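Coordinate analysis (summary)
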Amino acid sequence: AGIGGGYGAGGGTVTLVADVTENLIRVMNGVTLDLNGKTLGARSNYNFHVSGGNVTIIDSVGGGKTTECVDADGGTLTIRGGRHEKVIAANSQRSATLIITGGEFGWVSVSTGGIAQLSGGTYDKIQVFDGVGKLDSLLADGYWYYDEEGHFVDAAAVEAESSWYHIYNVTV
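Since we're looking at a predicted model, the values are computed, not measured.

Re the overall build of the protein chain
The helix and strand inventory of the protein chain stands at one helix and 18 strands. A total of 172 residues make up the protein chain; the buried ones form 45% of that total. Excluding contacts between residues fewer than 6 apart, the proportion of contacts in the protein chain whose partners are at least 24 apart in sequence is 27%. Accessible area of the protein chain: about 8000 Å², with a carbon and sulfur share of 47%.

Written out as structure tokens, the structure is:
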């Protein structure tokens, strides 16, 4: 059972009732995707592409995940739960806002034109590209990075050690 590839008209809530594998799901208008403990897989590199509007991903049951890339290339993508292997904000010249309040992430990347507001979640890797700002600029006001033992991670010190702006194995 699929939820339909191509451009989604948007609006309302789409709840997965079974694991789904699609080529590509494009959403251009407001919609909430509830993973509902299920897996949204892909037959290509991207399985969920936000190209405008406000889109929210939740996991009301727990255990839900996306197996490929969730890509915001325009509009606002809010993630409130689930496990996501790769999340990209602003993959091209269009601006996008990424708001993460919870969930588990393999890799989060914010490119030129992207804005992020992280206020929760566990991350294997967070990467910022030139023109976006520093790692601290991705955090919502009053939030910090913490390592696996719960110790504060000084993002500025991490950036000083490398020419790349990336941080590994942190919780916000």
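Regarding the sheet that holds strand E10 (residues 75-79)
Judged by pairing direction, the sheet is parallel, and its six strands sit side by side in the order E2-E5-E8-E10-E12-E14 without closing on themselves. Strand pairing shows two members of the sheet lacking a second neighbour, strand E2 (13-15) and strand E14 (114-118), which therefore form its edges. Strand-to-strand twist across the sheet, computed as the mean angle between neighbouring axes with direction ignored, equals 15°. Across five bridges, the pairing between strand E12 (residues 96-100) and E14 is parallel. Residue pairing across strands places Thr97 opposite Ile115, the latter belonging to E14.

Focus: the packing of aromatic side chains
Scanning all chains against the criterion turns up two aromatic pairs. Residues Phe105 and Tyr123 carry aromatic rings whose centres are separated by 5.0 Å and whose planes lie at 15° to one another, so their mutual orientation is stacked. Placement of the pair is Phe105 in strand E13 (residues 104-110) and Tyr123 in strand E15 (residues 122-128), with a sequence separation of 18 residues. Each member of the pair, Phe105 together with Tyr123, is buried. Judged by centre distance (5.8 Å) and plane angle (70°), the ring pair of Trp144 and Phe152 falls under edge-to-face.

About the thresholds
Residues numbered from 1 in each chain as written. Predicted model: local features only at pLDDT ≥ 70, side-chain atom pairs only at ≥ 80, totals over all residues. Heavy atoms only, no water. Helix = DSSP H or I, 4+ residues; strand = E, 2+ residues; numbered from the N terminus. Buried < 20%, exposed > 50% of the residue type's maximum accessible area, 1.4 Å probe, protein only. Contact = heavy atoms within 4.5 Å. Areas by Shrake-Rupley, 256 points an atom, 1.4 Å probe, with all protein chains shown as cover. Pairing = 2+ DSSP bridges. Axes fitted to C-alpha atoms, helices over the stretch in contact; angles between N-to-C directions. Phe/Tyr/Trp six-rings, centres within 6.5 Å; stacked < 30°, edge-to-face > 60°.

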